[in-house]
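# Structural overview
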Amino acid sequence: MGVDQVELEVPVDAVGRRVSCDGERATVRYVGQVPPTTGLWLGLEWDNPDRGKHAGSHNGVQYFTCRCPTGGSFVRPAKVNFGVDYATALRRAYLGDEEVDPSIKFIHSGVVFKERSLEKLSSVLLNRSDVNGPGADRRSSKITPNVQWLDMCETLLASWEDVAAITQQMDKLKELLLSYNSLRLPSDPLALSAAFSNLKVLSLIGTHLTWPQILECAPMWPQLEELCVENNNITELSRPMDVLQSLRSLNVSHNLLVQDTVLSLAALPSLETLNLSTSGLSSIRFDDTPPGSKTSMFPQLKRLYLDDNHISEWTVVDELAKLPRLSELSCLRNRLVSRDGNSATAAQMFIAKLGQLVSLNRVKICPEARRGAELDYMKLFGEEWLKAGGRSQLSSGFIRQHPRYLNLIQKYAPEEGELKKQDTSSLKNELLKVTFTFPDDPDQKPMEKKLPASMTVQKVKGFLQRKLKVPVSDLQLTYVSPSMGDKEIEFNGDLKTLHLHSIEDGDNIVVRWSGPAP
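Residues numbered from 1 in each chain as written. Predicted model: local features only at pLDDT ≥ 70, side-chain atom pairs only at ≥ 80, totals over all residues. Heavy atoms only, no water.

### Topic: the nonpolar core
Counting residues in hydrophobic clusters, the biggest one holds 120 residues, and the most contacted among them are Y86, W160, F196, W221, L250 and F436. Setting aside residues up to four positions removed in sequence, F436 forms contacts with P446, M447, K449, L451, V460, F463, L464, N508, I509 and V511. Among the nonpolar cores identified, the runner-up in size contains 13 residues, and V19, C21, L42 and F82 belong to it. (Core = buried A, V, L, I, M, F, W, Y, C linked by side-chain atoms within 4.5 Å. Buried < 20%, exposed > 50% of the residue type's maximum accessible area, 1.4 Å probe, protein only. Contact = heavy atoms within 4.5 Å.)

Below, the structure written as structure tokens:
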């Protein structure tokens, strides 16, 4: 192929265009000669920086620049694909490889019928397609006027103007997925808002955006309620001013955030769900109110995700208790540990400290679990409470560390003796008469036993394993106590003693197991 033929394949506006090459996505940064070779070259900046060899230079000459030192390559135009317009990509995806001339008005092969079937689509999936824009006439989106959900993730779209030209005919569009695209910022975001006038959900994962750039684009989305900007270049957050005011859900996970700027998001008055997972957070503070009170920040926030951060202080949980409407929290894989190092005890601490919580780590908190967690929390710190003044003159230091403790004392009204640590030797001598029942096995008769109050649930399971010949891992124990309304209550820690589980003389331990009967 001659040089003139190659040059004809390159669009006149090639610089800045998105292309695919050998299965990878890239942006054209240069078109021209690269001496001492002859012929036309394209300078590409790869989305995957490991794909390139340099930063846009050759033999000491800088032809273009890249974000990463190995993000660039020179390739011949014949090797790259500049993509196709929306209508062509749509027909390829939904009508197969058959080439359809959109100017055809009526033929007997069924083409018109197929075109009309596209008009009925409410969802369009074009992720990882080669769609590059609306086409020359910029009216190609009329082919799908009823679309409500549109996925154009990881395509060859290069600008927000091209996206708007596609969506402007989609008056019903509510959800738009544009993750893993590299889009030039709009010159006039407000002028494009009509193309997204009914948009409620927007996904922009992995689009290399900073927070100021997101706020710059935000006037395009006047009705947006859910925004996902996971895995971008977001670091320092700033207060949204007159934008995103209808936002109810925001996901900024997998961005290394400056934690002191997180409170800027409190300016979103409708925010109900916030995902801050994997963002490097170690602390959150609401200094507008003292411990035990409610903050005026995040007035609507109900769901908060803090997984995979560096939180290690329980004071952070006490700060979260200040959120007036927080009901669902996930805080998995952080550094919060209880005194005994037991994950089950740590979960109880969360439940006891956060009185409004209905779900922890995506698991619903049942009333029995809450009661057990709060009673155990009171017993765990009962001795400290008594030493700090108890009901009479409780020290401010204890209140700062345990702002909800006094509420629990008022809720359960325990005797002081119940809060004092019992001597281990006396516990060993205290025997509790319990009855084991086996509701799933009619052949097993109820069994009475006297067990030490200091015996752990793990050792109880070991006893039952020997008696029933059932693996410990298959055993499932609950208990029923007349003092707790004869409801079945789950044991919430195998390393905790019967005493810490509030087992009393005459209680019933219910034994079940998975797998075949012994």
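After presenting the structure, the write-up continues.
### Some points on the environment of A195
Relative to the helices and strands, A195 resides in the loop between β11 (175–177) and β12 (201–203). Assessed through its relative accessible area of 9%, A195 is described here as buried. Expressed as a C-alpha distance, the spacing of A195 and G135, which sit 60 residues apart in the sequence, is 16 Å. (Helix = DSSP H or I, 4+ residues; strand = E, 2+ residues; numbered from the N terminus.)

### Digging into the sheet that holds strand β21 (residues 447–452)
Backbone-to-backbone hydrogen bonds pair the strands of a sheet. The strands run either parallel or antiparallel. On the basis of which strands lie adjacent, the open sheet formed by five strands has the order β21-β20-β24-β22-β23 and mixed pairing. With partners counted over all chains shown, the strands left at the sheet margins are β21 and β23 (488–490), one partner each. Neighbour to neighbour, the strand axes of the sheet diverge by 35 degrees on average, direction disregarded. The sheet contact formed by strand β20 (residues 431–437) and strand β24 (residues 508–513) spans three bridges and is parallel. When the bridges of β24 are listed, T437 appears paired with V510. Each of β20, β21, β22 (475–480) and β24 touches helix α14 (residues 457–468); the most contacted strand, β22, lies at about 115 degrees to it. (Pairing = 2+ DSSP bridges. Axes fitted to C-alpha atoms, helices over the stretch in contact; angles between N-to-C directions.)

### Some thoughts on helix α4 (residues 160–167)
Within α4, seven of the eight residues are buried, which leaves it mostly tucked inside the rest of the structure. Three or more residues of α4 are buried, namely W160, D162, V163, A164, A165, I166 and T167. In this structure, the buried side of α4 is in contact with α2 (86–95), β9 (131–133), β10 (149–151), β11, β12 and α5 (211–217).

### Focus on a negative patch on the surface
Where like charges cluster on the molecular surface, the negative patch consists of E415, E416, E418, E430, E504 and D505. By the secondary structure assignment, E430 is in the loop between α13 (424–429) and β20. (Patch = residues over 30% accessible without salt bridge, like charges linked within 9 Å, V, L, I, M, F, W, Y side chains within 5 Å. Areas by Shrake-Rupley, 256 points an atom, 1.4 Å probe, with all protein chains shown as cover. Salt bridge = Lys/Arg side-chain N within 4 Å of Asp/Glu carboxyl O. Lys, Arg positive; Asp, Glu negative; His and termini not counted. Charge placed at Lys NZ, Arg CZ, Asp CG, Glu CD.)

### Focus on the packing of helix α8 (residues 367–380) against helix α11 (residues 405–412)
If you want to describe how two helices pack, look at the angle between their axes and the distance between the axes. Contact geometry for α8 and α11: axes closest at 10 Å, N-to-C directions at 115 degrees. Here α8 lies roughly perpendicular to α11, going by the angle between them. Our pair here, α8 against α11, has a crossing hand that is left-handed. Contact with α8, carried on its side by R370, R371, E374, L375, Y377 and M378, involves Y405, L408, I409, K411 and Y412 of α11 and no other residues of that element. Residue composition of the contact of α8 with α11, grouped by class: seven nonpolar, no polar and four charged. (Parallel < 35°, antiparallel > 145°, perpendicular 65-115°, else oblique. Left-handed = near helix turned anticlockwise from the far one by under 90°. Nonpolar A, V, L, I, M, F, W, Y, C, P; charged D, E, K, R; others polar.)

### Thoughts on the side chain of R18
Within the fold, R18 resides in strand β1 (residues 18–21). Under the relative-accessibility criterion, R18 is labelled buried at 1%. Polar contacts involving the side chain of R18 include one to the main-chain carbonyl oxygen of A26, which spans 3.5 Å. Separated by 2.8 Å, the side chains of R18 and T27 make a polar contact. Beyond its immediate stretch of four places on either side in the chain, R18 contacts R25, A26, T27, D47, N81, F82, T155, L156, L157, A158 and S182. (Polar contact = N/O pair within 3.5 Å; in protein donor to acceptor, adjacent residues only side chain to side chain.)

### Some details on the pattern of salt bridges
Should the charged atoms of two oppositely charged side chains come close, the side chains can pair. Tallying each qualifying case throughout the model produces 21 salt bridges. A salt bridge links D47 to R18; its shortest N-O distance comes to 2.6 Å. Highlighted residues: D47 in the loop between β3 (41–46) and β4 (57–58) and R18 in strand β1, separated in sequence by 29 residues. With its nearest N and O atoms 3.1 Å apart, the salt bridge here joins K322 to E319. Considered together, K322 and E319 belong to a single accessibility category, that of buried residues. Look at the salt bridges and you will find they share partners, linking K200, E225, R248, E272 and R303 into a network.

### Considerations on the environment of D162
Relative to the helices and strands, D162 is located in helix α4. The class for D162 is buried, based on a relative accessible area of 17%. D162 sits 30 residues away from N132 along the chain, and the two C-alpha atoms are 7.9 Å apart.

### Things to note about the confidence of the model for the protein
A residue-level look at the protein finds 91% of positions with pLDDT of 70 or above and a mean pLDDT of 89. Across residues 1–8, confidence stays below pLDDT 50; counting only partners more than four residues off in sequence or on other chains, it has six contacts. When the criterion is pLDDT under 50, residues 99–113 qualifies, and its contacts beyond four places in sequence or with other chains add up to nine contacts. (pLDDT = per-residue confidence, 0-100.)

### Describing the pairing of β1
Side chains R18 and S20 project from β1 onto one buried face, and the interleaved V19 and C21 project onto a second face that is buried too. Pairing geometry for β1 and strand β2 (residues 24–32), over four bridges, is antiparallel. Within β2, the residue paired with C21 across the bridge is E24. Between β1 and the antiparallel strand that follows it, β2, lie two residues; D22 among them carries a positive phi value of about 55 degrees.

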